[in-house]
Amino acid sequence: YIGSMPGRIISEIKKIGVNNPVLMLDEVDKLGRDFRGDPSSVLLEILDPGQNHQFIDFFLDVPFDLSKVFFIATANEIERLPKPLLDRLEVIYFSGYSEEEKKAIARYHLVPRQIEECGLSSSNVEFKEDGLKEIIRGYTQEAGLRELERQIAKICRKLARKKLSQATAKIFSIDKDEVFRLLGPGKIHRLSQSLLKRKNYAGVATGLVWSEVGGEVIFVEACKMHGNQQLLLTGSLGRVLQESAQIALSFIRSNVSYLKLDPDFFAQSDIHIHIPSGSVPKDGPSAGLTIAIALISLLANIPVYRDIAISGEITLSGEVLPVSGIRDKLLAASRLGIKKVVLPSGNKDDVLHLGDVVSGMDVVFVEEILDAVPHVLSKT
């Protein structure tokens, strides 16, 4: 780069004074690529044990042995990393914190730290269980804890102001109602348990998906109308999700006799599939099975149980393939009070290692789309 200084790696090694440090490369998926250069191409040499023993910093123009340096790189989305660079890394996946873990970390670490920084006393401030839960659910949407600590700090600052304006000492108890008074209306509008208790409708299925901020519960809606054989997809769906919807429709059309459906159901009709929260881009194969169940329910006019969540990738022959993010998805289902989940058989080993996450939850494993139908379609 124009006006550049000696490279950060050589500078840090010089500062630390040893040739075998641990170097952290944070957020490598945010590397820019423009007319000035491509930093990811430099990392190809740095992170390759077969090349980095002769690494050359172009500012100093002196070779240096980096083979003894232990590199740790972090990224939120490894899909953004170039494939050659990813090939030089050993990838370790870390799932987000569960709600119980967030509450424990907040109670024993975040709250005491913010109370001290705001000049308060732990004997005068108490965060109730429902208060912490309300902050986590209503004001944060993240896999980590940064925003949670920010909201706790905001509450503590307001309490410090109240303490200064009052002549007598007062004990502050932060429960759900007090959180609302201090932080205002919640910023995150998640699905509530009341939605699961509503009447079951044909063409509406409950799905589990994964996002950057953890697992989410979604509703997939399908409706049929008079038209000319169009499949309409809305809800900011990506290419993979659109393909899943087309695969689901093709599978149903090729199995109408087994499903006891009208063979000409698509002859003079349009089918519209919608996933709410249209302002949020969505993609990935996890909703394939949910879309298929919603379509079967619509065409058979049999409601789907709202309180049964579904996740899985599908093929044109009707197989259900395993998906990723199982822990986060089951945590999202548990958070909403869902007691039964339908997953691919290929994810059975993933569930067995989760332990307490699935305690009290009925997990059904299926190999084909038709295997899931008896579990999710209402008999009434």
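Refer to the structure above for everything that follows.
Everything in this summary refers to the structure shown in the same document. (Residues numbered from 1 in each chain as written. Predicted model: local features only at pLDDT ≥ 70, side-chain atom pairs only at ≥ 80, totals over all residues. Heavy atoms only, no water.)

## Thoughts on the overall build of the protein chain
What counts is decided by this rule: Each helix is a run of DSSP H or I of at least 4 residues and each strand a run of E of at least 2, with the numbering of both proceeding from the N terminus. Whether a residue is buried, partly exposed or exposed follows from its accessible area with a 1.4 Å probe, protein chains only, as a fraction of its type maximum: under 20%, in between, or over 50%, in that order. Residues are treated as being in contact if the distance between any of their heavy atoms lies within 4.5 Å. Residue exposure ignores everything except the shown protein chains as possible cover, and the areas themselves are Shrake-Rupley values with a 1.4 Å probe. Counting rule for charge: Lys and Arg are taken as positive, Asp and Glu as negative, and neither His nor the chain ends is counted. By convention, charge coordinates are those of NZ in Lys, CZ in Arg, CG in Asp, or CD in Glu.
Along the protein chain, the regular secondary structure elements total 14 helices and 15 strands. With respect to the three principal axes, the spread of C-alpha positions in the protein chain is 75 × 70 × 40 Å. By the burial criterion, 41% of the 380 residues in the protein chain qualify as buried. In the protein chain, once contacts between residues fewer than 6 apart in sequence are set aside, the share between residues at least 24 apart is 72%. Summed over all atoms, the accessible surface of the protein chain reaches about 21,500 Å², with 52% contributed by carbon and sulfur. Counting 46 positive and 49 negative side-chain charges, the protein chain places the averaged centre of each group 8 Å from the other.

## Quick look at the packing of aromatic side chains
Here is the rule: Between rings of Phe, Tyr and Trp, where Trp is taken as its six-membered ring, a pair exists when centres lie within 6.5 Å; planes separated by under 30 degrees are stacked, by over 60 edge-to-face, and by other angles tilted.
Across all of its chains, the model carries one aromatic pair by this definition. Here Phe265 and Phe266 contribute two aromatic rings whose centre-to-centre distance is 6.2 Å and whose plane-to-plane angle is 45°, an arrangement assigned as tilted. The exposure class of Phe265 is buried, given its relative accessible area of 4%.

## Digging into the environment of Asp270
The following threshold applies: Definition of a polar contact: a pair of N or O atoms within 3.5 Å, with one able to donate and the other able to accept a hydrogen when the atoms are protein atoms, and with sequence-neighbouring residues admitted only if both atoms are side-chain atoms.
Turning to its location among the elements, Asp270 is positioned in strand β10 (residues 269-274). Each C-alpha atom of the pair Asp270 and Glu221 lies 14 Å from the other, and the pair is 49 residues apart in sequence. Contact partners of Asp270, with chain neighbours within four places excluded, come to Cys223, Lys224, Met225, His226, Gly227, Asn228, Gln229 and Gln230. Reaching out from Asp270, the side chain makes a polar contact with the backbone nitrogen of Gln229 at a distance of 3.3 Å.

## What about helix α9 (residues 239-254)?
Within an α-helix, residues lying three or four positions from one another point in the same direction, as the helix has 3.6 residues per turn. Just so we agree on the cut-off: By this rule the span expected of a helix is its residue count minus one, scaled by 1.5 Å. Working definition: the arc comes from the directions between the helix axis and the C-beta atoms, pointing outward to the latter.
Over its 16 residues, α9 runs 23 Å from end to end, which matches the ideal 22 Å to within 8%, given 1.5 Å per residue. Every buried residue belonging to α9 is among Leu241, Ser244, Ala245, Ala248, Leu249, Phe251 and Ile252, and all of these are buried. Burial along α9 is one-sided: seen end-on, the buried residues are contained in an arc of 160°. Those residues of α9 that are exposed and aimed more than 90 degrees away from the buried face are Arg239 and Ser254. Of the surrounding secondary structure, the elements contacted by the buried residues of α9 are β9 (231-234), α10 (256-259), β10, α11 (288-300), β12 (313-314) and α14 (369-376).

## Let's talk about the sheet that holds strand β15 (residues 362-366)
Using the following cut-off: DSSP calls a pair of strands paired once it identifies at least 2 bridges connecting them. Axes here refer to lines fitted to C-alpha atoms; in helices the fit is confined to the stretch in contact. Angles between the N-to-C directions go from 0 to 180 degrees.
Reading across from one edge, β9-β10-β8-β7-β11-β14-β15 is the order of the seven strands in this open sheet, with mixed pairing throughout. The strands lining the two open edges of the sheet, one partner per strand, are β9 and β15. If you compare each strand with its neighbour and ignore which way they point, the axes differ by 30° on average. Note that strand β7 (residues 204-211) and strand β11 (residues 308-310) share two bridges and pair parallel. Looking across to β11, one finds that Gly207 is bridged to Ile310. Contacts from α11 reach β7, β8 (214-226), β10, β11, β14 (340-344) and β15 within the one sheet, and its direction differs from that of β8 by about 35°.

## Details of the nonpolar core
Across soluble globular proteins, nonpolar side chains show a tendency to be buried alongside one another. As a reminder, the rule being used: Take the buried residues of types Ala, Val, Leu, Ile, Met, Phe, Trp, Tyr and Cys, join any two whose side-chain atoms come within 4.5 Å, and each joined set is a nonpolar core.
If you look at the biggest cluster of nonpolar residues, it comprises 44 residues, and the most contacted ones within it are Ile252, Leu289, Ile293, Leu295 and Val342. With near-sequence residues (within four places) excluded, Val342 lies in contact with Leu289, Ile308, Ala309, Ile310, Ser311, Val364, Val366, Ala372, His375 and Val376.

## What to know about the pattern of salt bridges
Applied cut-off: Any Lys or Arg side-chain nitrogen found within 4 Å of a carboxyl oxygen on Asp or Glu counts as a salt bridge.
Taken as a whole, this structure holds 15 salt bridges when the rule is applied. Across the salt bridge formed by Lys103 and Glu100, the nearest N and O atoms sit 3.2 Å from each other. With Lys103 and Glu100 both in helix α4 (residues 99-117) and three residues apart, the pair spans about one turn of that helix. When its relative accessible area of 7% is taken as the criterion, Lys103 is described as buried. Between Arg239 and Glu243 there is a salt bridge; the shortest N-O distance is 3.2 Å. Of this pair, Arg239 and Glu243 both sit in helix α9, four residues apart, which is roughly one turn of the helix. Given a relative accessible area of 57%, Arg239 falls into the exposed group. Each of the salt bridges in this network shares a partner with another, and the network as a whole consists of Glu100, Lys103, Arg107 and Glu129.

## Some details on the side chain of Glu142
Topologically, Glu142 is positioned in the loop between α5 (129-139) and α6 (146-165). Within the buried set, Glu142 has no salt-bridge partner at all; the shortest N-O distance to an opposite charge, 5.2 Å, is to Lys102. A polar atom in the side chain of Glu142 sits 3.0 Å from the backbone nitrogen of Glu147.

## Concerning the packing of α4 against α6
Packed helices, taken two at a time, are described by the angle their axes make and the gap between the axes. What counts here: Note on terminology: angles under 35 degrees are roughly parallel, angles over 145 are roughly antiparallel, angles of 65 to 115 are roughly perpendicular, and the others are oblique. Handedness of a crossing is defined here by the sense of rotation of the near helix relative to the far one, left-handed for an anticlockwise turn of less than a right angle and right-handed for a clockwise turn.
Interaxial distance between α4 and α6 falls to 10 Å at its minimum, and their mutual angle equals 45°. With respect to their mutual orientation, α4 and α6 come out oblique. Seen from above, α4 lies across α6 with right-handed handedness. Only Leu148, Glu149, Ile152, Ala153 and Cys156 of α6 make contact with α4, whose side of the interface consists of Lys102, Ala106, Leu110, Val111, Arg113, Gln114 and Ile115.

## Details of the packing of α4 against α5
As a reminder, the rule being used: Side-chain classes are defined by residue name, with Ala, Val, Leu, Ile, Met, Phe, Trp, Tyr, Cys and Pro counting as nonpolar, Asp, Glu, Lys and Arg as charged, and the others, Gly among them, as polar.
In the contact formed by α4 and α5, the axes pass within 10 Å of each other and the chain directions differ by 115°. The angle between the axes of α4 and α5 places the two elements in the roughly perpendicular class. Along this stretch, α4 crosses α5, giving a crossing that reads as right-handed. Of α5, the residues touching α4 (which contributes Glu99, Lys102, Lys103, Ala106, Arg107 and Val111) are Glu129, Leu132, Lys133, Ile136 and Arg137. Here the residues of the contact of α4 with α5 are counted per class, giving four nonpolar, no polar and seven charged.

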